[in-house]
Structures are given as C-alpha cells and as structure tokens.
Amino acid sequence: MMKRFLLAAMLLSAPLFSSAGHSQTNSFTPQQREEIVRIMRDALVRDPTILTEAVAAAQAAEEAQQNQAASSAIAQNRQALERTAGDPVRGNPNGTITIVEFLDMRCGYCKRMYPVMTEFLRNNPDIRVVVKDLPVLGPNSVLAAQALLAAQEQGKYNQLQDALMALTRNLDEAVLKSEAERVGLNWARLRRDMDSAAVRSRLDANLRLAQALGVRGTPAMVIGDTLIPGAISMDALNATVIAARQARR
C-alpha cells in the first residue's frame, strides 16, 4: 500500500520535472491525472496512516540530511570549535573528550542545563567543556556576554557565569553591575573592557561559527561529530559522550 501511494505521488509530480524539450503540461492527459488522484485518495481512505508514514519518512530524510551537514561543518571547523585561544573552559582543561557549549546568559533552557552539566563534570573528570558565548536574546544578552569575556581579563569568568546562571530576575546593566561587584570584579574596569574591540571580535567569531554549524538557538552543544540543539537530559548527555569515546578508539 505504501509503495502504491508513493508511486502515485511520484507520477503526479512527474510533469514538474520533465526534461528540456518536453512540455510540462503534456506528460499526462487530464484523464490520467484524474486516475492518479483517485488512486491516492482511495489509498488514504483505506489507510490514513499512509500520510503519517510519508510525512515521518520525509522528516527523517530531512533530519538525516541536516545531521550530515552539521557533521561536515563540525569537521571543517574543529580547530575553531575546540582550540580557539582564550576560550573559557570548564571541567578538565586537559580532558580527552571536548564538549563545546553555545550559551546565552538570559536563556531559560541554558539555565536549566547548567546544573546538569555541572553534575556531569563532577562525575566525568576526563571532560573538557569549551564555552562559546552566543548572545541571541537581545541587548541585555549582549551586555552579559561582553561582561563575561571582560571578567575573564580579571580571572573571574567562571564566578560571574555562576552568578548570572543563578539569576531569576531580569538581567539589565544595574543587575549586572551588582552581580559583578558581588563576585569581586572591578566594575569600572569591567565596563570599560566590555566595549573593547577584542571582546566584540570574539563574540562576532562565535556568531560566525554558530552560523556555519547551523546553530539556531541556545543552548547548543557539539560532542564529537554531533550537534545537539537544545537542552538534553543527563541520560542523553551520558549516551552521547559514550558514543564519542567509542568513536575515538
């Protein structure tokens, strides 16, 4: 039944792809097209799940194509992803498995994922996490990302990141100043460094890298050759890392 439906669908769409020199409107007579439509309609009446299966098959094919494109982009940008000088690192700096995280400090899903990753790192001492700040949720996200990279100049990137990830109130400049001073940052220096060309350049590079990989939002992770969009469970994180470890053997 499925083959019959797909064949009918292919026949119906065939005129759209006729070769040069052939009329697109003369591939089937009106009677033939009417018969093809009747076959499709009858098949769907007998088994409506056919359409669901066809849509699922098309979605699976599209997902496979996207995964292949992402894997290729990861391979092409491996150095920039994992070994860009100065990128913040969590976990073991010399870990055998590297995870790359794209984060926005105002992203609710990033905040949910943060304690999951913290626990995961406690249980997996061979993991190195490279953080790519990707402010996609407006001007205050940009301010937060600039502050984090500027805080790195004072040796307090991780402390400020912990503070911002724990926030439940809106993150504006006044809140940012309060949190920065609370973790021991020099606000005047931090605010000056936030607008530096170096900070802007790093954020621009993160954006270009995300675009190259097809990252459409945060959080997003790269583990091995796999791009994971969105927050995932601890079980899924463990399974993906196990697969990455096996691939290295």
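The shown structure was predicted, so the numbers you read here are calculated from the model rather than taken from an experiment. (Residues numbered from 1 in each chain as written. Predicted model: local features only at pLDDT ≥ 70, side-chain atom pairs only at ≥ 80, totals over all residues. Heavy atoms only, no water.)

### What to know about the overall build of the protein chain
Thought 1: A tally of regular secondary structure across the protein chain gives 11 helices and five strands.
Thought 2: Across the 249 residues of the protein chain, 38% fall into the buried class.
Thought 3: Within the protein chain, counting contacts between residues at least 6 apart in sequence, those at least 24 apart form 73% of the total.
Thought 4: Carbon and sulfur atoms provide 54% of the accessible area of the protein chain, an area that totals close to 13,900 Å². (Helix = DSSP H or I, 4+ residues; strand = E, 2+ residues; numbered from the N terminus. Buried < 20%, exposed > 50% of the residue type's maximum accessible area, 1.4 Å probe, protein only. Contact = heavy atoms within 4.5 Å. Areas by Shrake-Rupley, 256 points an atom, 1.4 Å probe, with all protein chains shown as cover.)

### Describing the sheet that holds strand 3 (residues 127-133)
Thought 1: The strand order 1-3-2-4-5 describes an open sheet built from five strands, whose pairing is mixed. In this open sheet, the two edge strands, each paired with only one partner strand, are strand 1 (89-91) and strand 5 (226-229). Across this sheet, the average inter-strand angle for adjacent strands is 25 degrees, counted without regard to direction.
Thought 2: The pairing of strand 4 (residues 220-223) with strand 5 spans four bridges and is classified as antiparallel. Residue pairing in the sheet places I223 in a bridge with T226 of strand 5. (Pairing = 2+ DSSP bridges. Axes fitted to C-alpha atoms, helices over the stretch in contact; angles between N-to-C directions.)

### Points about the environment of L148
Thought 1: Checked against the element boundaries, L148 lands in helix 6 (residues 139-152).
Thought 2: Put simply, L148 and P88 are 60 residues apart on the chain and 9.5 Å apart in space, counted from C-alpha to C-alpha.
Thought 3: Residue contacts for L148: discarding those within four places in its chain leaves M105, D133, Y157, L160, Q161 and L164.

### Remarks on helix 10 (residues 197-213)
Thought 1: Here helix 10 contains 17 residues, and its C-alpha end-to-end distance of 24 Å stays within 8% of the 24 Å for a straight helix at 1.5 Å per residue.
Thought 2: Those residues of helix 10 that fall on the buried side of the exposure criterion are V199, L203, N206, L209, A210 and L213. Along the long axis of helix 10, the arc covered by the buried residues comes to 120 degrees, so they all point the same way. Relative to its buried face, helix 10 has exposed residues pointing more than 90 degrees away, namely A197, R208 and Q211.
Thought 3: Taken from the residues just after helix 10, G214 is the one with a positive phi, measuring 80 degrees. (Expected span 1.5 Å × (residues − 1). Arc of directions from axis to C-beta.)

### Thoughts on unusual backbone geometry
Excluding glycine, a negative phi dihedral is what most residues carry, and trans is how most peptide bonds are arranged.
Thought 1: Going from T218 to P219, the amide bond is cis rather than trans, its omega being -5 degrees.
Thought 2: As for its placement among the helices and strands, P219 is situated in the loop between helix 10 and strand 4.

### Details of the pairing of strand 2 (residues 97-103)
Thought 1: Judged by how many residues are buried, strand 2 sits mostly within the fold: seven of seven residues are covered.
Thought 2: Residues I97, I99, E101 and L103 line one face of strand 2 and the alternating positions T98, V100 and F102 line the opposite face, and both faces are buried.
Thought 3: Sheet analysis places strand 2 next to strand 3, joined by seven bridges and oriented parallel. Note on strand 3: the bridge partner recorded for I97 is I127.
Thought 4: Once the chain exits strand 2 it traverses helix 5 (residues 108-123) before rejoining the sheet at strand 3, and the crossover so formed is right-handed.
Thought 5: Sheet analysis places strand 2 next to strand 4, joined by four bridges and oriented antiparallel. Within the sheet, the bridge partner assigned to E101 lies in strand 4 and is M221. (Right-handed = clockwise from strand over helix to strand, strands pointing away.)

### Description of the nonpolar core
Thought 1: With 46 residues, the main nonpolar core has I99, L160, L164, L190 and L237 as its most contacted residues.
Thought 2: Counting residues per element, this core draws most heavily on helix 6, which supplies eight residues.
Thought 3: Those residues in contact with L164, other than ones at most four positions away along the chain, are M105, K111, A144, L148, L171, L176 and E179.
Thought 4: Counting 15 residues, the second largest nonpolar core, distinct from the first, contains A73, F102, V130 and L227. (Core = buried A, V, L, I, M, F, W, Y, C linked by side-chain atoms within 4.5 Å.)

### Some thoughts on the packing of helix 6 against helix 10
Thought 1: Interaxial distance between helix 6 and helix 10 falls to 10 Å at its minimum, and their mutual angle equals 120 degrees. As judged from the angle between their axes, helix 6 and helix 10 are oblique. When the axes of helix 6 and helix 10 are compared, the crossing they make is right-handed. Between helix 6, through A145, Q146, L149, A150 and Q152, and helix 10, the contact on the second element is made entirely by V199, R202 and L203. (Parallel < 35°, antiparallel > 145°, perpendicular 65-115°, else oblique. Left-handed = near helix turned anticlockwise from the far one by under 90°.)

### Topic: helix 6
Thought 1: Helix length check: helix 6, at 14 residues, gives a terminal C-alpha distance of 20 Å against a target of 20 Å (1.5 Å per residue), a fit within 8%.
Thought 2: Along helix 6, 10 of the 14 residues are buried, which leaves the element largely enclosed by surrounding structure.
Thought 3: Taken as a whole, helix 6 has its buried residues at S141, L143, A144, A145, Q146, A147, L148, L149, A150 and A151.
Thought 4: If you follow the buried residues of helix 6, they end up packed against strand 3, helix 7 (157-166), helix 8 (173-182), helix 9 (187-194) and helix 10.

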